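Listed below are the residues making up each chain.
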Amino acid sequence: MTPGPTSVGERFFTLPSTPSGEPHLIGSKCSSCGEVFFPSRLCCRRCSSNDMKEIPLSGKGTLYSFTTVRVRPPHFIGEVPYLVGVVELPEGERIRTLLSHCDQSCLEIGMEMELSIEVVGKTNKPFGKIEVGTEVLGWTFRPLWRQECET
Amino acid sequence: MRDVIVLGVGMTNFGRFPERPVAKIGAEAMLAALKDAGIAWKDVPVLYCAHAMGRTVDGELVEAELGHTGIPVFNVSNACAGGGTCALLAYQAVATGLYDLAAAIGVDQAPAGPLGGLFPPTAEGILGIDTWVAKYAMKMQRAVYERRYTLDQMAMVSVKNHNNACINLRSQYRIRMSSVEDVHKSRMISDPMTLYHCCPTSDGAAAIIFCTVEVARRHSKAPFIKFAGGALTSQIFIRGELADTRDVTVRAARQAYEISGIGPEDLDVVELHDNFTVSELEHIVDLGLCREEEVGPLMERGEFDITGKTPVNVSGGLLGKGHPTSATGIAQLCELTWQLRGQAGERQVHNPKSGLAHCCGGDEGMATFVHILSK
């Protein structure tokens, strides 16, 4: 029996525990220099301190760049073509992410985006503990102002 | 540190040879380098071999193909910087006095399609967000958004390098382009990047043999081609920069210029890492060949053509000549050597005295080398 939608990894995001709650990306903040990173990590990229604290990250950011990928990368489980972007978080970190609920005709650099955890696709080979045929949840960002991008 | 001379260089054609074993491709390049050097495989006391496509002990397999000699063989996996990494190791082996002669080789055989197969699946791979075509398409988009380069200027890099590749007998492709429209019309890979903004994946090998001045004198005549200076760097932290290729190049170049005593204004020929068109424009600036605001207009005016003031990628570069990942860095050194010797045929640049090779390899940490050869 295939399990229900499963997170792509245990340490990337938390799902809301109540119906009105929000998902959060899980980042790391360096206790030494204050730099923030996603995904979470053992050591600070900037100062190499290994005193890192896990913190929930802002669910909103601005769109730094985006593209519509039209070729299938070797391990990708979703549909092609698909949108990839870089979103800049208020904490300073820029993160690579799928973009959802939009196509590039309505996207603009600088647009406000919000986190949306979505089913990205189904595995066709085992990945870690995830069995074949499992729906995988991944982090995506969608335009904050829904009416600008009705897809 | 002793002076180190390029005794011999050799490379295979670049192309797709899926039926040829990797060891044979590598051996072909080494045999060409040995012939160029006027020595035998038995004369090589140490081998540094770069390969990146998920195999192992490729260096020993090449050695076995050439004849077992029991020498130490070091294998290096530094992605596109692998060849240059091995060249640096071979240089260091001779410069420090460990050996009087050392050989470096880069060999790879690629799967078709985007190079995600280089790395095993990760969460980012499953989600499709780590693909290089997306990363570089977004670099192109930012360059246009920030008004650094236009799509036409980026396309011009492809036109130049593909046309240069037409006169390089070893090129994977000979695609003559008449204008940037040839680039714009090609298949869209990841908006705004079309196919001809991307280098291909390729099979091939290149080899280089270094030695001391004394050994060089026994086998060839002056003027000798000297390894004037080289550097290997990885990333430093830059907030918001997901995979830096620019600062890492600036620092490697600065070190190479300092060690060699040769500056960017002295360079007569440059082979740099044009994995995508935007990279060539960025790296021309990173290497100190011109300022950021100048590179687009200078590209338009033919400054970097074979006949221009600072010829860049006269071999055709990665875009035109092809890109067997680990071979490329040494293939760049082959081109510089032929140019400095006056053996580059139709691609010959007028009377060059020094040249620079550069590649960035990998991801999130970005191995980068800059090497300078001089006469």
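Sequence order as written defines residue numbering, which begins from 1 separately in each chain. Here every chain gets a letter starting at A, and every ligand a number starting at 1, in the order they are written. With pLDDT at 70 or above as the cut-off, local features in this predicted model cover only qualifying residues; side-chain atom pairs require 80 or more to be listed or tallied, and sums for whole chains, interfaces and linings still use all residues. The side-chain numbers reported here are obtained from all heavy atoms of the structure, hydrogens and water having been left aside.

Draft legend 1. Layout of the overall build of chain B. When helices and strands are tallied, chain B shows 13 helices and 11 strands. Note on method: radius of gyration uses C-alpha positions; expected globular size equals 2.2 Å times residues raised to 0.38. The C-alpha radius of gyration of chain B comes to 19 Å, within 12% of the 21 Å expected for a compact globule of 375 residues. By its C-alpha atoms, chain B is 55 × 45 × 40 Å across when sized along the principal axes. In chain B, which comprises 375 residues, the share counted as buried stands at 64%. With an accessible surface of roughly 13,400 Å², chain B has 53% of that area assigned to carbon and sulfur atoms. Counted as positive: Lys and Arg. Counted as negative: Asp and Glu, with His and the chain ends omitted from the count. Positions of charges follow a simple convention, taking NZ of Lys, CZ of Arg, CG of Asp or CD of Glu. Between the averaged position of the 34 positive side-chain charges in chain B and that of its 42 negative side-chain charges there is a distance of 4 Å. Secondary structure is summarised from DSSP: a helix means a run of H or I of at least four residues, a strand means a run of E of at least two, and numbering begins at the N terminus for each. Only protein chains enter the accessibility calculation, which uses a 1.4 Å probe; a residue whose area is less than 20% of its type maximum is buried, one above 50% is exposed, and one in between is partly exposed. Each accessible area value is a Shrake-Rupley result obtained with a 1.4 Å probe; residue values ignore everything except the protein chains displayed when judging cover.

Draft legend 2. Quick peek at the nonpolar core. Membership of the largest hydrophobic core comes to 85 residues, with the highest contact counts inside it found for A:Val8 and A:Trp139. The greatest single-element share of this core, amounting to eight residues, is contributed by helix α5 (residues 132–145) of chain B. Sequence-distant contacts of A:Val8, that is, excluding residues within four places in its chain, are made with A:Phe13, A:Phe127, A:Ile130, A:Val136, A:Leu137, A:Trp139, B:Ala123, B:Ile126 and B:Leu127. In these notes, a set of buried Ala, Val, Leu, Ile, Met, Phe, Trp, Tyr and Cys residues joined through side-chain atoms within 4.5 Å is what counts as a nonpolar core. In this description, contact between two residues means that some pair of their heavy atoms is separated by no more than 4.5 Å.

Draft legend 3. Representation of unusual backbone geometry in the model. Between A:Phe38 and the following residue, A:Pro39, the backbone shows a cis peptide bond with an omega angle of 0°. In this fold, A:Pro39 is placed in the loop between β4 (36–37) and β5 (52–56). Residue A:His101 is not a glycine yet carries a positive backbone phi of 60°. When you line up the elements, A:His101 lands in the loop between β8 (94–99) and β9 (112–122). Located in the positive-phi region is B:Arg147, a residue other than glycine, with phi close to 60°. Counting through the fold element by element, B:Arg147 comes out in the loop between α5 and α6 (151–165).

Draft legend 4. Structural detail: the interface of chain B and chain A. Chain B puts 36 residues into the contact, and the matching count from chain A is 36 residues. When two components associate, each loses some accessible surface as probed by a 1.4 Å sphere; the sum of these losses over both components is called the buried area. Summed over both sides, the interface between chain B and chain A buries roughly 3,300 Å², with carbon and sulfur atoms accounting for 63% of that surface. It is B:Ile126, B:Leu127 and B:Phe237 in chain B that bury the most area against chain A; as a group they hold 21% of the surface buried on that side. Every case where a carboxyl oxygen of Asp or Glu lies within 4 Å of a side-chain nitrogen of Lys or Arg is listed as a salt bridge. In this structure, the connection of chain B to chain A is made through two salt bridges. Of the charged contacts, one joins A:Glu35 and B:Arg239 as a salt bridge, the two residues approaching to 2.5 Å between their closest N and O atoms. Distance and chemistry together define a polar contact, namely a pair of N or O atoms within 3.5 Å, with one atom able to donate a hydrogen and the other to accept it when in protein, and with adjacent residues in sequence counting only for side-chain atoms on both sides. The interface formed by chain B and chain A holds 13 residue pairs in polar contact (both at pLDDT 80 or more) in total.

Draft legend 5. How the structure looks around the side chain of B:Thr328. With respect to the helices and strands, the residue B:Thr328 is situated in helix α13 (residues 328–341). If we ignore the near neighbours within four places in the chain, the residues touching B:Thr328 are B:Leu318, B:Gly322, B:His323 and B:Cys359.

Draft legend 6. Representation of α13(B) in the model. Residue and element names in this part refer to chain B. How far a helix is expected to stretch is found by multiplying one less than its residue total by 1.5 Å. Counted at 1.5 Å a residue, the expected span for α13 with its 14 residues is 20 Å, and the 20 Å between its end C-alpha atoms agrees. Of all 14 residues in α13, 13 are buried, a share of seventy percent or more. Phi for Gly342, located one or two positions after α13, is positive at around 80°.

Draft legend 7. Spatial organisation of the environment of B:Glu63. Residue and element names in this part refer to chain B. With respect to the element layout, Glu63 can be found in helix α2 (residues 58–66). By relative accessible area, which is 6% here, Glu63 ends up buried. Along the chain, Glu63 and Ala27 lie 36 residues apart, while their C-alpha atoms are 7.6 Å from each other. Those residues in contact with Glu63 that lie beyond four places of it in its chain are Trp41, His68, Thr69, Gly70, Ile71 and Val73. In terms of polar contacts, Glu63 uses its side chain to reach the backbone amide nitrogen of Gly70, at 3.0 Å.

Draft legend 8. Just the environment of B:Val250, in detail. Residue and element names in this part refer to chain B. Topologically, Val250 is positioned in helix α9 (residues 247–260). By relative accessible area, Val250 is classed as partly exposed at 23%. Put simply, Val250 and Asp274 are 24 residues apart on the chain and 16 Å apart in space, counted from C-alpha to C-alpha.

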